[in-house]
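A closer look at the structure
What follows is the residue order along each chain.
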Amino acid sequence: MIAPLRHIAGSLVAVGLQCCSAGAEQVIATVAPSTILIGSNYSGGSIVVFGAIANDQPSRSYDAVVTVTGPRQDLLVRRKERVLGIWVNRLSRTFPDVPSFLAVFANRPFDAIASADTLLHHRVGLKHSIFVDKTVDEDDPFATNLIRTRIDESLYIEQPNGVSFVSPAVFRVEIPLPKRALIGTYDVDLMIFAGGAPVARTRSTFLVEKIGVAQFVATASVDHSLIYGLATMGMALLTGWIASIAFRRG
Amino acid sequence: MAIYLPIADLPVSIFVLLALGLAVGFVSGMFGVGGGFLMTPLLIFLGVSPGVAVASVATHITASSFSGTISYWRRRAVDIQMAMALLTGGLLGTSSGIWLFAMLRSLGQLDLMISFSYLILLTMVGGLMVMESVRSILRQRQNKPSLLRRSGGAHTWVHGLPLKFRFRRSKIYISVIPVFGIGYVIAVIGVIMGIGGGFLLVPMLIYVLRVPTATVIGTAAVLTTATMALATVMHALTNHLVDAILALVLMTGGVIGAQFGARSAQNLAPERLRFLLGFLILAVGFRFGYELITPPDHVYAIRVLGADL
């Protein structure tokens, strides 16, 4: 399910201060495992993110928002309509560069962490993180249904109580990965808020890869499609031949 | 125990897949058809995307129909001349089918097209088979001769066509044009719907070409093997949708189930077999029709661009 031990290296990531205001706080994160392996027995997995706030001020109480973004893909959303009594695909809309997976976890409800304007400005929360350049328009049925469908499929998750603080400056969050996880690089973005304003931010990544037979088959089918097709055909003929011999007496 | 299907990108219980192979294999062995018309919809129901289901079922049918071909060949129940003539049309049909498949996919109407072809073909063929078998069961009860018996004068327009050829094993003298044509049509339909087309081919050979029942299933099996083997390679080349792992598990269950099905069939009268198969086909057809006319659970559907449906 989860990767074998040797892959749980955990990536230590240095401090990132690019976002944030005056405070001296820094945040350090580890993501484990650093690689999720999809073998022939994969049926979902999860990653654990540990975060620690350095140079924290005991008088302050901190909030943490952890966002995991999977490889982006272009999506087509189609609407079925009834034509002559039959339901067919009619209108459609393309959404470029939409995350294949998106999880936004926080330690308490977002509106308690910061104001709506602050969240929008720093693109914190599910509906601010989906599109690269804009926020989801609540009046656009294609966009809202895109999100609803992906939430139903557990591909998009917003969890305001998912991050737990172990101590005032150390937190932990476990994020489930979908059964249909796309292979590629997943970004992990950690943001620390104090008093309604962001004070520290860092980014990390982890990989999702296919291994073993799953990797071999997936690669061969694209890179050597003719050989793959002929081999699959050969396998089918062989199976049929073996069956006809095995059951000859009957 | 879940197994991850590398092309379908989906973990599925290996026991569910094996059971599916066994059950569909039982039906296919019983009626001498590939069973694709059952397998493809069931895979879609399991969450496999229609494109991957259609392409991988082609591989599965290659295995089951090849095992059938060998058994019929041993019993000298294959008309190889007719199989070759059907195949010539069939190879052309497979290429056209793959091209049409890719085109419909880019138009975004592949799933509608698949549902629609299923609805029309299954209800039509299933309905005809049920009616025909009920009629012959009734005639038998009244001790009248079977309708399928060949009578010397029973010629149709098909027998008026030029380019006649004597098919020795089947003992018929007929134009090769309808033979090519049937091979072509079956192959196009088979590729798009992910079925071998056996349930269409066998009635066509019997009712249109008057091929005797002794050679019809064996000959159909040869055509199915060849077109589905080619379809596997071409689906792999053009659409990269053949899931070898999925196909392997399915065919393992399938070839075993087919043996049990074939044995059960020996205890049933042909009319009853045709009635049961017709009923099954009709039921699947109605299921597709029901889906097209009832409001869907989700009016909005998402498709990843540049990948499978």
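Residues numbered from 1 in each chain as written. Chains lettered and ligands numbered in written order. Predicted model: local features only at pLDDT ≥ 70, side-chain atom pairs only at ≥ 80, totals over all residues. Heavy atoms only, no water.

Turning next to the confidence of the model for chain B. Predicted coordinates in areas of low pLDDT are best not read in detail. Mean pLDDT over chain B: 82, with 93% of residues reaching 70 or higher. With pTM at 0.77, the complex prediction returns an ipTM value of 0.82. (pLDDT = per-residue confidence, 0-100.)

Let us look at the pattern of salt bridges. Scanning all chains against the criterion turns up nine salt bridges over all chains. The closest approach of N and O atoms between A:Arg172 and A:Glu174, which form a salt bridge, is 4.0 Å. Classification of A:Arg172 by relative accessible area gives partly exposed; the value is 31%. For the salt bridge of A:Lys210 with B:Asp9, the shortest nitrogen-to-oxygen distance reads 2.8 Å. (Salt bridge = Lys/Arg side-chain N within 4 Å of Asp/Glu carboxyl O. Buried < 20%, exposed > 50% of the residue type's maximum accessible area, 1.4 Å probe, protein only.)

All names here are of chain B. It is the contact of helix 2 (residues 36-46) with helix 10 (residues 270-293), at a shortest axis distance of 11 Å, that shows an interaxial angle of 30°. Relative to helix 10, helix 2 is oriented so that their crossing is left-handed. Where helix 2 abuts helix 10, its residues Phe37, Leu38 and Pro41 lie against Leu277, Leu280, Ile281, Val284 and Phe288. (Axes fitted to C-alpha atoms, helices over the stretch in contact; angles between N-to-C directions. Helix = DSSP H or I, 4+ residues; strand = E, 2+ residues; numbered from the N terminus. Left-handed = near helix turned anticlockwise from the far one by under 90°. Contact = heavy atoms within 4.5 Å.)

Moving on: the confidence of the model for chain A. Residues and elements named next belong to chain A. In this model, chain A carries a mean pLDDT of 85, and residues with pLDDT of at least 70 account for 90%. Predicted confidence in chain A is weakest over strand 1 (residues 11-13), with a mean pLDDT of 40, and strongest over strand 8 (residues 102-106), with 95. Overall, residues 1-17 carries pLDDT values under 50, and its contacts beyond four positions in sequence, including any with other chains, amount to 43 contacts.

With that settled, the discussion passes to the interface of chain A and chain B. Often, the extent of an interface is quoted as the loss of accessible area on bringing the components together. With 58 residues of chain A at the interface, the matching set in chain B holds 52 residues. For the chain A and chain B pair, buried surface summed over both sides reaches about 4800 Å², with 66% attributable to carbon and sulfur atoms. Linking chain A with chain B are one salt bridge. Summed over the shared surface of chain A and chain B, the result is 14 residue pairs in polar contact (both at pLDDT 80 or more). Counting residues per element, the side of chain A that touches chain B draws most heavily on helix 6 (residues 225-246) of chain A, at 16 residues. Along the lines of polarity and charge, the residues of the side of chain A that touches chain B split into 28 nonpolar, 18 polar and 12 charged. (Buried area = accessible area lost by both parts, 1.4 Å probe. Polar contact = N/O pair within 3.5 Å; in protein donor to acceptor, adjacent residues only side chain to side chain. Nonpolar A, V, L, I, M, F, W, Y, C, P; charged D, E, K, R; others polar.)

As a further point, take the packing of aromatic side chains. One pass over the structure, following the stated rule, counts eight aromatic pairs over all chains. Between B:Tyr118 and B:Phe288, the aromatic rings sit 4.5 Å apart at their centres with planes inclined by 5°, giving stacked as the arrangement. With B:Tyr118 in helix 5 (residues 110-141) and B:Phe288 in helix 10, this residue pair connects regions lying 170 residues apart in the sequence. What makes B:Phe288 buried here is its relative accessible area of 9%. Three or more aromatic residues joined by ring pairs form one cluster here, namely A:Phe101, A:Tyr186 and A:Phe206. One Lys or Arg, B:Arg75, reaches over the ring of B:Tyr72 and ends 5.0 Å from the middle of that ring. (Phe/Tyr/Trp six-rings, centres within 6.5 Å; stacked < 30°, edge-to-face > 60°. Lys NZ or Arg CZ within 6 Å of the ring centre and 35° of its normal.)

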